[in-house]
Amino acid sequence: MDDTDAAPHWTPDDFRRYGHAAVEWAARYLETLEDRPVTSDVEPGWVRAQLPASPPDAPEDFAAVLADLDRVVTPALTHWQHPGWFAYFPTGASGPSVLADLISSTLGVQGMLWSTSPAVTELETHVLDWMAELLGLPDRFRSTGAGGGVIQDAASSATLCALIAARWRAAGDGPFDRLRVYASDQAHSSVEKAVRVAGLHPTQLRRIDVDDAYAARPDHLAELMAADAADGLVPALVVANLGTTSSTAIDPVAPMADVAAEHGAWLHVDGAHAGAHLLLPELRWIGEGLDRADSFCMNPHKRLLTNFDCDCFWVADRRPLVAALSVLPEYLRNAATESGAVIDYRDWQIPLGRRFRALKLWFVIRSYGAEGLRRHVRHQTALAQDLAARIAAHPRLELSAPHPLDLVCFHHVDGDEASEALLARLNATGRVFLTHTRLDGRFVLRASVGTQATEARHVDALWALIDALA
Ligand code: PLP
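The rules behind each value
Residues numbered from 1 in each chain as written. Predicted model: local features only at pLDDT ≥ 70, side-chain atom pairs only at ≥ 80, totals over all residues. Heavy atoms only, no water. Helix = DSSP H or I, 4+ residues; strand = E, 2+ residues; numbered from the N terminus. Rg over C-alpha atoms; globule rule 2.2 N^0.38 Å. Buried < 20%, exposed > 50% of the residue type's maximum accessible area, 1.4 Å probe, protein only. Contact = heavy atoms within 4.5 Å. Areas by Shrake-Rupley, 256 points an atom, 1.4 Å probe, with all protein chains shown as cover. Pairing = 2+ DSSP bridges. Axes fitted to C-alpha atoms, helices over the stretch in contact; angles between N-to-C directions. Expected span 1.5 Å × (residues − 1). Lys, Arg positive; Asp, Glu negative; His and termini not counted. Salt bridge = Lys/Arg side-chain N within 4 Å of Asp/Glu carboxyl O. Core = buried A, V, L, I, M, F, W, Y, C linked by side-chain atoms within 4.5 Å. Disulfide = S-S within 2.5 Å. Domains from an automatic or database assignment.

A look at the overall build of the protein chain
- What the protein chain contains, in helices and strands, is 15 helices and 12 strands.
- The globule rule puts the C-alpha radius of gyration for 470 residues at 23 Å, and the 24 Å found for the protein chain is close to it.
- On the principal axes, the C-alpha backbone points of the protein chain span a range of 70 × 70 × 45 Å.
- Considering the protein chain as a whole, with its 470 residues, one finds that 51% of them fall into the buried category.
- A fraction of 73% describes how many contacts in the protein chain between residues 6 or more apart in sequence connect residues 24 or more apart.
- Of the roughly 21200 Å² that the protein chain leaves accessible, carbon and sulfur atoms contribute 55%.

What follows is the structure, encoded as structure tokens:
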């Protein structure tokens, strides 16, 4: 037997040559990003129409594959890293993060068990402890005590894991029909999705009323929980928002923790986007009460220059999470696990397999330093505040909600139709992209500042467009 029939793998030299070409393509993409329209105008089906109906039989030249990025892919992209991106929330990216992902993919390791690559587990534990320090999180979330951190793919998974741990603490393996979950109607849709995925009925999710600033009302939470407890139901989980998706409203975590504690419910704090602002000492007030939360998550893949996917999820006590998610078949048994001296992150998440995601967070933290990360968040938060001041002073515009961080919600004084028309006109320029939400039933434009490329001149350009088109 010889290797005549082996697949046409690249040699390390091929990889080097094509890799340089791919990095050159990526650098050119970043250089030319600003000249492109932020969104694509292709018709549905356009991309597929450019592609051959069947896959190639013979190997193709890599140069032809790269060329098709320009022909087929980039014309049909929404450019999330564009400096005129003010939509949704930003999705993080930076040079160090991209290169870490390249290396992670090159290594191709699975970190499901400590023993399947000790570096994957230990670097992750360590970097999550670093993040806890950078964000000023309470010691209970550090791995040195009963708690610890893990990287999930997304905040939705973190919320699901929090619910599964809470469900375990409240009812073990079930039944679950008497459990109740509490979140405001401003909470992200992933809370309701977690409820469904965890086998609870959507009616087991109670909605907490919000105040004028769209923050959950602890007095209403107390009412809901007391009524449920009186009916023999079991309050299992409260989800507090550290920055809602619509308007970055900050729920009062400390009084919500009081109410949750009274009923023995798990308190999860969702800081998916806004949690990164805890980096700034002047904004630490948004995390007041976190020292009493059972779990907390934030996404470096939104605000912190780290490519999707990277959600940091911390628990104050890892035992319920691990107990709920640990299933150990014979083929995964190993001496390290049995020694009890290691973390096996497969027990902290839904899938078994896991990528080496800590690498990108490690590269980002080391390349920017704590000071560089703080400058990024502080500068862009200041740009958003500047934009808010200009909107507030405009005769035909009004701010729609408090804007403590990097998101500004606003509307046209002439009502929903005028606001919708303004959004359409702004996006039709191709130079900026904003999205909308509804607050109190009103149509509201959202300007979310935060890609790595967004500078003061881009926010000035956005303002000039808003002023001209409002
Ligand atoms: N929670 C909040 C407050 C969010 O704003 C978002 C997304 O914008 C999510 C959760 C879901 O994030 P992910 O895409 O990481 O699941």
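Observations regarding the sheet that holds strand 8 (residues 311-315)
- Strand order across the open sheet formed by seven strands is 2-8-7-6-5-3-4, with mixed pairing between neighbours. Both edges of this open sheet fall to strand 2 (148-152) and strand 4 (205-208), since each of them pairs with a single strand only. Here the average twist between neighbouring strands, direction ignored, is 20°.
- The sheet strands contacting helix 9 (residues 253-262) are strand 4, strand 5 (234-241) and strand 6 (266-270), and the helix crosses strand 5 at an angle near 175°.

Things to note about helix 5 (residues 118-134)
- An ideal rise of 1.5 Å per residue puts 24 Å on 17 residues; helix 5 measures up with 24 Å between its terminal C-alpha atoms.
- Along helix 5, the positions that sit buried rather than exposed are V120, T121, L123, E124, T125, V127, L128, D129, M131, A132 and L134.
- Residues of helix 5 that are buried make contact with strand 2, strand 7 (295-298), helix 10 (300-303), strand 8 and helix 13 (358-392).
- Remark: G136 follows helix 5 within two positions and exhibits a positive phi of approximately 65°.

Things to note about the side chain of R180
- With respect to the helices and strands, the residue R180 is situated in strand 3 (residues 179-184).
- Buried charge R180 goes without a salt bridge, the closest partner of opposite sign being D228 at 4.8 Å.
- Every residue in contact with R180, bar those within four places of it in the chain, is listed here: Q204, R206, D228, L233, V234, P235, A236 and L237.

Quick look at the nonpolar core
- Core analysis: the largest hydrophobic core is formed by 56 residues, its most contacted members being M131, F296 and W314.
- When residues of this core are traced back to their parent elements, those giving at least two are helix 5, helix 8 (218-230), strand 5, helix 9, strand 6, strand 7, strand 8 and helix 13.
- Ignoring sequence-local partners within four residues, the contact set of F296 consists of L137, F141, L242, H268, V269, G271, G275, L278, L290, C312, F313 and W314.
- Counting residues in hydrophobic clusters, the runner-up holds 34 residues, among them A162, L163, L179 and L200.

A word on the state of the cysteines
- With the rule as written, the count across this model stands at zero disulfides.
- The closest cysteine sulfur to the non-disulfide-bonded C161 is located on C297, 10 Å from its own sulfur.
- A residue is classified by how much of its surface remains accessible, and C161, at 0% relative accessible area, is buried.
- No disulfide involves C297; its sulfur sits 9.2 Å from the nearest other cysteine sulfur, which is in C312.

Section: the domain arrangement of the protein chain
- Here the protein chain is described as being made up of domain 1 (1-35 + 40-75), domain 2 (109-355) and domain 3 (374-469).
- Each of domain 1 and domain 3 was reduced to a C-alpha centroid, and the two centroids are 37 Å apart.

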